[in-house]
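The primary structure of each chain is shown beneath.
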Amino acid sequence: MQFQFVGTDVLNLAGGVLIVGAYKDQTLSQIGQVVDEAMSHLLQDFLKDIHFEAEAGKVAFMPGHGQVKFKQIVVVGLGEKGELEADTVRIAAATGLKKAKELKNDDVYFELLGAENLGSRAGQYLAEGVLLGGYQFKKYKKPKKDIIRIEEVKILTDEKVREELKLGNILASAANFVRDIANEPGNVIAPKDLAEIAQKLAEETGLKCTIYNEKDLQTKKMAGILAVGQGSAHPPCFIHLTYQPEHASKRIVVIGKGITFDSGGLDIKPEQFMKTMKCDKSGACAVLGIMKAIADLKLNIEVHGLIPTAENMPGGNAFRPDDIIVFKNGKSVEIHSTDAEGRLILADALIYGSELKPDVMIDMATLTGACMVALGRFTTGVFSPDKDLAAKIKKIGQITGEKFWELPLDDDLKEDLKGTFTDIKNVGSRYGGAITAALFLKEFVSEEIKSWVHLDIAGPAFLEKPWKYYAEGATGVPVRSILTLLLEESEKR
Ligand code: BES
Ligand code: MN
Ligand code: ZN
């Protein structure tokens, strides 16, 4: 998406669709007011006549008139004037763009919705709303003949928001890159395809990329990835991407669960739960998105992106309930469910990540249905022994619109993970399933790592119906938040 700055002198501009904001108290945004006056208050009267509610997501439009040389004026709701949030701007921007498409006009002008209240930061949120709201996974649908493509929007502002718009563009483009991969089905993306995408990304951006194939996994004693992958015709692998600036102030590891399809394995999932399990690679896709954006942002921290990837299938060589696997850190694990596979592949990655001795280690995984039972469809579960880090992520989420909620790493539940013949088993009891999954992961984080956080994205990574500015399918959660965190870490020095 291209953003072009056209200045704020709205009456000296002419074009297709002009998008302005209105608040619930019936007042228009600054540029909206200028337009309204030049139209002898026709716009304001019209909004009154139709009882325009001005909530985020609401939209109205009328033709330009008199001095106002736009074909259509689209008014988007900004809610209560004093309560404007980042997400209000994103939702409003996405709503305006959708209306322009419906009006079949690709000459689109946005004022900086919320500029009165959010200043230049409105630029970032506007860019995110436009990009996230404009995304749809349509590549397998026959294109409609009269479809409108919007590749450039004009912004009624001066150059001073250039950096904010650029940041919004980078963050939302990273999320959309994630969505493009995560939305692909299991017959298109197997572990080797994730590896190819990582390699291509490395070539384009100068990142370092190492792929460990099945043989390498054996020498590296990555027992979890091997066990989970052995029932599939598509062999598993492990991907290590590195961003290494010259004078890095910190080392950070990000890990993403890369199950390209989760059938459940021999403990096969019932039909209604297996559908959408192409989403089980969302954590891995998030790592790819983060690494792509980091190369663009030129951060001064060292970042390692790790992806354990396998397909969980019930083939003739599949791993079984009762199987015992021994991990590189010496821990033995008894398989009680082949459907609790994510934690097994993450265990290898957490051991590998710990060996890199990072200052912060973050894992992202569509790990448990239990997390959705606890927090609903839209909220990421946060688990961390580092309370400051958890608090930081929650706070960032209030800005990015990606929701986070902390759940406890309750040590009293550890006994639920005791194995019959082994140190631990791979499932806990019926209660607190998201927590026991996190406690399982903790067993593989070396004690030297002071700052580790596990993010269970089973709910928000993939939507069955549209929500806010997201279409159904992959959302790219939690990429914008993690990039925001990394930006903060990079600036701290
Ligand atoms: N990939 C699933 C978790 C999941 C569920 C992700 C719904 C997205 C939406 C995971 O591998 C899984 O199957 N977890 C089991 C664990 C259980 C067997 C202990 C679950 O949550 O039922
Ligand atoms: Mn599973
Ligand atoms: Zn899974």
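Since the model is a prediction, treat every value here as computed from it, not as a measurement.

What counts and how
Residues numbered from 1 in each chain as written. Chains lettered and ligands numbered in written order. Predicted model: local features only at pLDDT ≥ 70, side-chain atom pairs only at ≥ 80, totals over all residues. Heavy atoms only, no water. Donors = N, O, S within 2.8 Å, 3.2 Å for Na, K, Ca; no water. Tetrahedral: all angles 85-135°; square planar, octahedral: opposite > 155°, others 65-115°. Helix = DSSP H or I, 4+ residues; strand = E, 2+ residues; numbered from the N terminus. Buried < 20%, exposed > 50% of the residue type's maximum accessible area, 1.4 Å probe, protein only. Phe/Tyr/Trp six-rings, centres within 6.5 Å; stacked < 30°, edge-to-face > 60°. Lys NZ or Arg CZ within 6 Å of the ring centre and 35° of its normal. Pairing = 2+ DSSP bridges. Axes fitted to C-alpha atoms, helices over the stretch in contact; angles between N-to-C directions. Domains from an automatic or database assignment. Contact = heavy atoms within 4.5 Å. Buried area = accessible area lost by both parts, 1.4 Å probe. Salt bridge = Lys/Arg side-chain N within 4 Å of Asp/Glu carboxyl O. Polar contact = N/O pair within 3.5 Å; in protein donor to acceptor, adjacent residues only side chain to side chain. Nonpolar A, V, L, I, M, F, W, Y, C, P; charged D, E, K, R; others polar. Near = heavy atom within 4 Å. Areas by Shrake-Rupley, 256 points an atom, 1.4 Å probe, with all protein chains shown as cover.

1. Brief notes about the coordination of the manganese ion (ligand 2)
Note on metal sites: the ideal angle is 109.5 degrees for four tetrahedral donors, and 90 or 180 degrees for six octahedral donors.
Right, so step 1: The coordination sphere of the manganese ion (ligand 2) contains the protein donors Asp262 (OD), Asp339 (O), Asp339 (OD) and Glu341 (OE), at a distance range of 2.1 to 2.2 Å.
Right, so step 2: For the manganese ion (ligand 2), the 6 donor atoms are set out with angles of 71 to 169° between them, so the coordination reads as irregular.
Right, so step 3: The metal-metal distance between the manganese ion (ligand 2) and the zinc ion (ligand 3) comes to 3.2 Å, with Asp262 coordinating both. Remark: Glu341 occurs in the loop between β13 (332-334) and α12 (342-355) and Asp262 occurs in strand β10 (residues 258-262); sequence separation between them is 79 residues.
Right, so step 4: With relative accessibility at 3%, the residue Asp262 sits in the buried group.
Right, so step 5: What makes Glu341 buried here is its relative accessible area of 1%.

2. Quick word on the packing of aromatic side chains
Right, so step 1: Taken as a whole and assessed by the stated rule, the structure comprises 10 aromatic pairs.
Right, so step 2: Judged by centre distance (4.9 Å) and plane angle (55°), the rings of Phe327 and Phe444 are tilted. Of the two residues, Phe327 is situated in the loop between β12 (324-326) and β13 and Phe444 in the loop between α15 (433-442) and β18 (452-456); the sequence distance between them amounts to 117 residues. A single burial state applies to Phe327 and to Phe444, both of which are buried.
Right, so step 3: Following the ring pairs from residue to residue traces out a cluster consisting of Phe378, Trp467, Tyr469 and Tyr470.
Right, so step 4: The cationic tip of Lys292 hangs over the ring face of Phe177; the distance from NZ or CZ to the ring centre is 5.1 Å.
Right, so step 5: Lying across the ring of Trp405, Lys394 places its NZ or CZ 5.9 Å from the centre.

3. So, the sheet that holds strand β6 (residues 152-156)
Right, so step 1: Pairing is mixed across the open sheet formed by 6 strands, whose spatial order is β1-β6-β5-β2-β4-β3. Because the sheet does not close on itself, it has two edges, and the strands there are β1 (2-5) and β3 (59-63). Along the sheet, successive strands turn relative to each other by an average axial angle of 25°, direction set aside.
Right, so step 2: Relative to β6, strand β5 (residues 108-111) is paired through 4 bridges, and the arrangement is parallel.

4. Looking at the domain arrangement of the chain
How big an interface is tends to be reported as the loss of accessible area on association of its parts.
Right, so step 1: When its domains are assigned, the chain resolves into domain 1 (2-134) and domain 2 (177-491).
Right, so step 2: Using C-alpha coordinates to define each centre, domain 1 is positioned 40 Å away from domain 2.
Right, so step 3: Each partner contributes to the interface: domain 1 provides 9 residues, whereas domain 2 provides 8 residues.
Right, so step 4: In total, about 760 Å² of surface goes out of reach between domain 1 and domain 2, with carbon and sulfur atoms giving 56% of it.
Right, so step 5: On the domain 1 side of the contact with domain 2, Asp87, Arg90 and Leu132 bury the most area, a combined 57% of that side's loss.
Right, so step 6: Where domain 1 packs against domain 2, one counts 2 salt bridges.
Right, so step 7: For Lys468, the salt bridge goes to Asp87, with nearest N and O atoms at 2.5 Å.
Right, so step 8: Where domain 1 meets domain 2, there are 6 residue pairs in polar contact (both at pLDDT 80 or more).
Right, so step 9: Counting residues per element, the ones that place at least two in the side of domain 1 that touches domain 2 are α3 (86-102) and α5 (121-134).
Right, so step 10: Residue composition of the side of domain 1 that touches domain 2, grouped by class: 5 nonpolar, 1 polar and 3 charged.

5. Some words on the site of ligand 1
Right, so step 1: Residues in close proximity to ligand 1 total 16 residues, the closest being Lys269, Asp280, Asp339, Glu341 and Gly369.
Right, so step 2: One nitrogen or oxygen atom from the side chain of Asp262 is found 2.9 Å from an oxygen atom belonging to ligand 1.
Right, so step 3: Expressed as a share of its isolated accessible area of 520 Å², the protein-covered part of ligand 1 is 77%.

6. Let's talk about the pattern of salt bridges
A pair can form between side chains of opposite charge whenever their charged atoms are brought close.
Right, so step 1: Enumeration according to the criterion identifies 29 salt bridges in this entry.
Right, so step 2: Residues Lys24 and Glu55 are paired through a salt bridge, measuring 3.5 Å at the closest nitrogen-oxygen approach. Of this pair, Lys24 sits in the loop between β2 (14-22) and α1 (30-38) while Glu55 sits in the loop between α2 (42-49) and β3, and the two are 31 residues apart along the sequence.
Right, so step 3: The class of Glu55 is partly exposed, set by a relative accessible area of 31%.
Right, so step 4: For Lys99, the salt bridge identified is with Glu102, shortest N-O distance 2.8 Å. In this pair, Lys99 and Glu102 both sit in helix α3, 3 residues apart, roughly one turn of the helix.
Right, so step 5: The exposure class assigned to Lys99 is buried, which follows from its relative accessible area of 15%.
Right, so step 6: Sharing partners across several salt bridges, the network here consists of Asp87, Arg90, Glu128, Glu402, Lys468 and Arg480.

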